[in-house]
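The chain contents come next:
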Amino acid sequence: SRGKPKLAAWAVTAYELKIDETVNLLCSCVRRRTLIQGVAIGDDLAYWSEALRFAGGLVAGQQYLPQVIMDGQEFHAKWEAIFSAEDTERLTGLAQRMPPVARAMSGSDSTSPPASNPLDLLKRFVGHVVDYLVRSSNPDQLCFPKSRKTVSFDSVHDAWLHALQSQESLIYGDASELSQLWGQVREWNRPIAVTNLSPIRLCFRLEEPSLPENIQKNRRAVLDENWQIRYLIQSCNDPSLIIPALDAWNPKAKTTAALKTNRSALKEYLLLSLGQAGGICPRIAESLKSAQPGGYTLDPVSAYDFLTEKAALLQQSGFTVMLPGWWTRTGAKARISLKANAKSPKLQASGGLSIGRIVEFDWEVALGGEKLSLAELEALAKLKSPLVQLRGQWVEVNADEIQAAIDSWKKKESAKATVGDLIKMAIGAKDAPRGLQFEGVTATGWVGNLLKQLEGSAPLEQLAPADSFNGTLRPYQARGFSWLAFLAGWGMGACLADDMGLGKTVQTLVLIQRNRESNEDRPVLLVCPTTVVNNWQKEAARFTPELPVLVHHGIGRNKEEAFKKQVRANAIVIMSYGLLHRDLKFLQEVDWAGLVLDEAQNIKNPETKQAKAARSLKADYRIALTGTPVENNVGDLWSIMEFLNPNFLGTQTEFKRRFFVPIQAEHSHVAAERLKRITGPFVLRRLKTDKSIISDLPEKLEMKVMCPLTKEQASLYTAVVRETEEALKSSEGIQRKGLVLATLSKLKQVCNHPAQFLKDNSSIPGRSGKLSRLTEMLEEIIEVGEKALVFSQFAEMGKLLQKYLMETFGREALFLHGGVTKIQRDRMVERYQSDGDGPSIFILSLKAGGTGLNLTAANHVFHFDRWWNPAVENQATDRAFRIGQTRNVQVHKFVCAGTLEEKIDDMIEQKKEIAENVVGAGEGWITELSNKDLKELWKLHKEAIGD
């Protein structure tokens with residue numbers, strides 16, 4: 001009807017999980033997209049897994065207490081979570097992000113309403129998880145008797161402790177004794193309850209002494225001047241409302257009314273809180289001897305102890321701590337720091353530019369940003385105070401650091417280091433002597449210019465490609481090639497992390513060709529996935545045809561001495577990751593000019609054989625190519641940087657301590673910035689959305705994606721060809737045309753996927769070169785939040801793609817084919833075009849989706865199999881490349897190398913000006929070829945088969 005829509009509830013079948021099953025399930029969902037292949041993790045599971053991590057953090061921090069809960073006539077033992085002020089804020093924020101589906105469950109009778117308060121529901125969940133985790137933290141102590149009702153205990157306290165360690169929480173015993181225990185535990189927990197439920201919070205403020213002006217001028221610290229810890233009371237509802245604790249004891253003070261708390265409750269809270277804080281800081285406990293405690297005094301040494309230790313402990317316990325601004329702004333940064341002032345050595349007639357050159361430099365010492373003389377350093381050493389006021393500002397000093405700086409200063413000879421070591425110092429990859437803080441390097445001459453170029457403050461020399469380069473570099477590609485040449489020239493590794501389609505391949509080829517024409521006769525080893533070996537071979541033949549290229553793969557590949565002899569005649573040796581560790585022994589014996597890793601994410605796991613093999617090879621320069629920025633995966637970054645520039649990030653253990661744990665677990669911006677500073681000079685990342693890049697790109701960028709066949713595909717392909725060649729000998733006319741067209745269809749299906757050709761409902765993964773390459777490219781597209789259209793002329797292939805891609809990526813993939821109704825089609829288009837969390841992959845059969853659709857949300861178009869009619873393919877591409885499209889569109893045309901797909905594509909390219917006339921009727925023109933031409937057309941070449 002056209003009336004007002006009616007809302008109605010519907011039943012959803014659910015399975016009730018026990019607490020241990022719940023925890024195990026949610027642990028499996030932490031930071032994952034899919035649970036298992038084909039099972040995506042929904043928003044609610046992802047949310048509860050985050051809540052599980054929050055509860056686990058409470059348990060890890062031992063923020064729980066044993067409790068007795070009275071439920072009618074029964075008493076239960078429970079471990080109860082204790083929330084600090086910071087935890088409460090996190091809990092509230094987490095509750096606000098609870099998806100509606102997470103609280104849509106009704107009771108078992110389906111009549112009770114869903115939980116309405118997210119915070120209450122979240123607290124109940126966290127409480128259950130904390131109780132379970134504490135009980136299961138020590139399995140050796142867990143007791144699971146069949147019936148504890150028959151077990152006798154010496155006291156009700158023993159029964160309570162037993163229940164706290166058992167799966168069953170019910171406490172058995174005399175009702176009056178249990179009631180008395182409940183009261184005792186409640187009173188025991190009262191201080192914590194008062195603190196957690198109170199509308200006010202105790203604060204501690206550290207106040208530094210005001211030194212006389214004449215002392216400030218003399219730059220000295222007076223040790224007998226006292227610092228002050230002041231007790232304050234803060235409103236939880238209005239943190240800006242703060243009063244001195246002394247007002248709580250003064251009946252005439254009117255400021256206490258602003259806290260909306262009566263004086264007796266205020267006094268009780270203050271005494272309880274100070275008592276708890278006294279367990280952390282003995283000076284606070286000592287101050288309670290006063291009738292009206294309001295704070296206490298301390299010397300500089302005790303003040304430093306409060307700043308570095310006691311303050312953090314008090315904050316962890318839920319108290320607010322206010323520290324001086326100079327400390328919170330700089331903290332431990334106001335320490336002795338060193339700066340290296342380097343002098344460039346004179347260049348020899350033969351050049352001598354190398355990061356291995358020895359450079360002399362002098363140390364410059366500063367404290368809190370202020371330069372110090374040797375006399376000032378020695379004066380500070382005599383004070384022996386951790387806090388001093390230097391030129392009007394309080395700073396932290398360390399006696400060991402001061403002595404280390406004095407020792408460095410007094411060295412008679414200047415310090416010496418290689419240019420490479422200076423680079424590490426400059427970017428923060430190497431620590432200063434004896435752990436002193438390092439503030440960078442200043443240098444003159446060519447060393448100074450090198451450091452400025454690495455930091456980006458000085459321009460790089462813009463190089464032109466060699467005359468024999470067959471193409472034109474776009475401006476951003478010329479800049480990328482010059483950047484690669486700059487780092488390669490110094491023997492430093494470079495990670496070119498340009499977005500997909502920006503031409504990482506061509507920038508690398510230009511570099512190799514330039515070096516080759518500069519009298520470099522040694523080969524470059526290029527390692528890539530099997531799926532792109534043919535792409536590299538094709539691109540090299542297209543852009544740098546004068547460079548001899550060797551594809552090293554297959555059973556018949558040369559090894560040992562034959563291989564070493566063969567590579568001498570080639571500029572580029574292309575091989576797959578799969579062979580890298582198998583042929584490592586004789587690969588290590590070759591003197592490589594350069595080593596290039598394409599799809600460098602293949603070595604992100606440093607423990608794999610191929611990652612170790614890549615790091616073990618020797619080359620003058622190293623390049624890593626990847627379409628995704630390596631800094632997005634902090635844990636994997638070490639392996640890539642260790643390949644590019646060994647030791648720049650320290651050992652794996654040091655990297656985890658300095659970067660991985662602080663960034664991943666503690667979300668440290670300081671550690672993230674330092675990591676970016678170290679890796680930044682060696683990572684070049686450009687996006688298609690950059691304004692400087694968009695102006696360089698054509699509106700529609702078309703590229704061929706050469707894919708290998710798997711051994712299974714090659715075997716099926718050969719069988720089809722043999723069967724057809726026999727049949728062709730005795731067929732004529734219409735029968736022959738039908739046979740040729742049927743064979744073309746079979747061969748295309750084989751090239752797509754064996755499961756499509758066999759129609760046996762067999763497994764999908766790992767059996768198709770095209771599908772492997774599509775998966776790699778879609779993974780990159782999804783990761784950067786872009787959308788793609790995937791065209792196939794076969795509806796059955798579309799179904800296989802939809803099933804596989806949804807299982808692989810754990811997200812919906814739409815599929816439009818001839819059986820979809822107009823209403824369904826319109827709904828698909830609407831969902832795909834919408835912003836937000838809509839589907840990012842839209843699979844279309846060429847006939848059903850080739851015309852009449854507006855799909856401008858996509859900026860990638862894949863032609864999984866070819867129609868061999870440019871007009872038809874362009875019509876399909878124009879579903880995305882049309883009015884309303886605001887981004888550049890990349891078109892990826894898949895071709896199986898060494899098969900009829902490549903040969904027909906070459907025929908079309910050679911006759912591009914008349915291609916529509918040649919193949920305008922589809923594939924009918926192929927049936928007119930002679931038997932000899934057909935045999936040559938679908939002949940399978942050895943380069944078609946991957947490793």
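Quick caveat: nothing in here was measured; it's all calculated off a predicted structure.

Reading guide: rules and limits
For every chain, the first residue of the written sequence is number 1, and numbering continues from 1 onward in sequence order. Since the coordinates come from a predicted model, pLDDT governs what is reported: local features require at least 70, and pairs of side-chain atoms require 80 or more to be given and counted, while whole-chain, interface and lining totals use all residues. In computing side-chain values, all of the structure's heavy atoms are included and hydrogens and water are not. Basic side-chain nitrogens of Lys or Arg form a salt bridge, by our definition, when they fall within 4 Å of a carboxyl oxygen of Asp or Glu. Numbering goes from the N terminus for both helices and strands, where a helix is a DSSP run of H or I of at least four residues and a strand is a run of E of at least two. Exposed residues in this analysis have more than 50% of their type's maximum accessible area, buried residues have under 20%, and partly exposed residues fall in between, with area computed by a 1.4 Å probe over protein chains only. Axis geometry follows a simple rule: fit a line to the C-alpha atoms, using only the stretch in contact for helices, then measure angles between N-to-C directions, giving values from 0 to 180 degrees. Here the angle decides the label: under 35 degrees means roughly parallel, over 145 means roughly antiparallel, 65 to 115 means roughly perpendicular, and every other value means oblique. Left-handed is the label given to a crossing in which the near helix is rotated counterclockwise from the far helix by less than a right angle, and right-handed is the label when the rotation is clockwise. Contacts: residue pairs with any heavy atoms within 4.5 Å of one another. Only Asp, Glu, Lys and Arg are considered charged in this grouping, and only Ala, Val, Leu, Ile, Met, Phe, Trp, Tyr, Cys and Pro are considered nonpolar; every other residue, Gly among them, is considered polar. Each pair of strands is called paired provided DSSP finds at least two bridges between the two strands. The term nonpolar core refers to a set of buried residues drawn from Ala, Val, Leu, Ile, Met, Phe, Trp, Tyr and Cys, joined through side-chain atoms within 4.5 Å. The directions considered for the arc run from the helix axis to the C-beta atoms. Stacked, tilted and edge-to-face pairs are distinguished by plane angle, under 30 degrees for stacked and over 60 for edge-to-face with tilted covering the rest, among Phe, Tyr and Trp rings (Trp via its six-membered ring) whose centres lie within 6.5 Å. The term polar contact refers here to a pair of N or O atoms within 3.5 Å; inside protein, the definition further demands a hydrogen-donor-capable atom paired with an acceptor-capable atom, and it admits residues adjacent in sequence only when both atoms are side-chain atoms. Helix span is expected to be 1.5 Å times the residue number reduced by one. Confidence of the predictor at the level of single residues is captured by pLDDT, which takes values from 0 to 100.

Caption draft 1: Main features of the pattern of salt bridges. Taken as a whole, this structure holds 31 salt bridges when the rule is applied. Here Arg 522 ties to Asp 620 by a salt bridge, and the two come within 2.3 Å at their closest N and O atoms. Note that Arg 522 is positioned in the loop between helix H19 (504-516) and strand S18 (524-528) and Asp 620 in strand S22 (residues 619-625), a separation of 98 residues in sequence. Judged by its relative accessible area of 19%, Arg 522 is buried. Classification of Asp 620 as partly exposed rests on a relative accessible area of 42%. Note that Arg 773 is salt-bridged to Glu 776, the shortest N-O span being 2.8 Å. Residue Arg 773 and its partner Glu 776 are both found in helix H32 (residues 769-783); the two are separated by three residues, about one turn of the helix. Classification of Arg 773 as buried rests on a relative accessible area of 9%. Glu 776 sits in the partly exposed class, given a relative accessible area of 28%.

Caption draft 2: Summary view of the packing of helix H18 (residues 475-489) against H19. Where H18 contacts H19, the two axes come as close as 9 Å, and the packing angle between them is 50°. Classified by the angle their axes make, H18 and H19 are oblique. Crossing hand, H18 versus H19: right-handed. For the pair H18 and H19, contact is made by Tyr 476, Gln 477, Gly 480, Phe 481, Leu 484, Ala 485 and Ala 488 and by Val 506, Gln 507, Thr 508, Val 510, Leu 511 and Arg 514, respectively. Across the contact of H18 with H19, the residue classes tally to eight nonpolar, four polar and one charged.

Caption draft 3: Looking closely at the pairing of strand S13 (residues 387-390). Burial of the side chains of S13 extends over both faces: Leu 387 and Gln 389 are buried on one face and Val 388 and Leu 390 on the other. Judged from the four bridges that link them, S13 and strand S14 (residues 393-396) form a sheet pairing that is antiparallel. The partner of Gln 389 across the bridge, within S14, is Trp 394.

Caption draft 4: Highlighting the sheet that holds strand S20 (residues 572-576). Pairing is parallel across the open sheet formed by seven strands, whose spatial order is S19-S20-S18-S21-S22-S17-S23. Each edge of the open sheet carries a strand with a single partner, namely strand S19 (549-551) and strand S23 (683-684).

Caption draft 5: Quick look at the nonpolar core. If you look at the biggest cluster of nonpolar residues, it comprises 117 residues, and the most contacted ones within it are Ile 423, Leu 525, Phe 563 and Leu 649. Once residues lying within four places of it in the same chain are set aside, the contact partners of Leu 649 are Leu 637, Trp 638, Met 641, Phe 655, Phe 659, Leu 675, Ile 678 and Thr 679. Judged by nonpolar contacts, the second largest core, of 38 residues, contains Trp 48, Leu 58, Trp 79 and Leu 94.

Caption draft 6: Summary view of helix H1 (residues 19-29). Within the sequence span of H1, burial applies to Thr 22, Val 23, Leu 26 and Cys 29. For H1, the arc enclosing every buried residue in end-on projection is 120°, short of the 170-degree limit, so these residues lie on one face.

Caption draft 7: Quick peek at the packing of aromatic side chains. In the structure shown here, the tally under the stated rule is 15 aromatic pairs. Each ring, one from Phe 54 and one from Phe 83, has its centre 6.4 Å from the other, and the planes form 15°; the classification is stacked. Here Phe 83 lies in the loop between strand S4 (74-81) and helix H3 (85-96) and Phe 54 lies in helix H2 (residues 43-60), a separation of 29 residues in the sequence. Grouping residues by exposure puts Phe 54 and Phe 83 together as buried. For the pair Phe 469 and Phe 543, a centre-to-centre distance of 5.9 Å together with 15° between the ring planes defines the contact as stacked. Here Phe 469, found in the loop between helix H17 (445-455) and H18, pairs with Phe 543, found in helix H20 (residues 533-543); they are 74 residues apart in sequence, far enough to count as distant. Across this residue pair, the class does not change: Phe 469 and Phe 543 are buried.

Caption draft 8: Examining the environment of Ala 46 more closely. In this fold, Ala 46 is placed in helix H2. The partly exposed category is assigned to Ala 46, whose relative accessible area is 35%.

Caption draft 9: A look at unusual backbone geometry. In this structure, Asn 647 takes a positive phi of about 75° despite not being glycine. Take Asn 647: it is sitting in the loop between helix H25 (634-644) and helix H26 (652-665).

Caption draft 10: How the structure looks around the sheet that holds strand S26 (residues 813-816). Taken together, the six strands give an open sheet; going across it, the order is S24-S29-S28-S25-S27-S26, and neighbouring strands pair in parallel fashion. What marks the edges here is a single partner per strand, and that holds for strand S24 (700-707) and S26. The mean angle between the axes of side-by-side strands here comes to 20°, regardless of whether they run parallel or antiparallel. Pairing between strand S28 (residues 860-863) and strand S29 (residues 889-896): four bridges, direction parallel.

Caption draft 11: Looking closely at the side chain of Thr 877. In this fold, Thr 877 is placed in helix H36 (residues 870-877). Take Thr 877: its relative accessible area is 0%, and that puts it in the buried class. Within the local environment of Thr 877, its side chain forms a polar contact with the side chain of His 863, the two groups lying 3.0 Å apart. For Thr 877, the residues in contact, after removing those within four places along its chain, are Lys 700, Val 861, His 863 and Val 891.

Caption draft 12: Just the pairing of S22, in detail. Burial analysis of S22 places five of its seven residues in the buried class, which makes it a mostly covered element. Of the strand pairs in this sheet, strand S17 (residues 494-496) and S22 are connected by three bridges, and their pairing is parallel. Each residue of the ladder has a partner; that of Ala 494, found in S22, is Ile 623. As judged from the five bridges shared by strand S21 (residues 592-597) and S22, these two strands associate in the parallel manner.

Caption draft 13: Geometry of helix H33 (residues 795-809). Along its 15 residues, H33 runs 21 Å from first to last C-alpha, staying within 8% of the 21 Å computed at 1.5 Å per residue. Within the span of H33, buried status applies to Met 797, Gly 798, Leu 800, Leu 801, Tyr 804, Leu 805 and Phe 809. Buried residues of H33, viewed axially, fall in a sector of 160°; they line one side. Positive backbone phi, approximately 65°, marks Gly 810, located one or two places after H33.

Caption draft 14: Spotlight on the packing of helix H16 (residues 419-427) against H17. Interhelical geometry of H16 versus H17 gives an angle of 45° and a closest axis separation of 11 Å. Accordingly, the angle class assigned to the pair H16 and H17 is oblique. Classified by chirality, the crossing of H17 by H16 is right-handed. Contacts from Val 419, Leu 422, Ile 423 and Ala 426 in H16 reach Trp 446, Val 447, Leu 450, Leu 451, Leu 454 and Glu 455 in H17. Within the contact of H16 with H17, the residues separate by chemical class into nine nonpolar, no polar and one charged.

Caption draft 15: A look at the confidence of the model for the protein chain. For the protein chain, per-residue confidence averages 83 on the pLDDT scale, and 86% of positions sit at 70 or higher. When the criterion is pLDDT under 50, residues 214-224 qualifies, and its contacts beyond four places in sequence or with other chains add up to 17 contacts. Scored below 50 in pLDDT, residues 913-921 shows twelve contacts in the model against residues more than four places distant or in partner chains.

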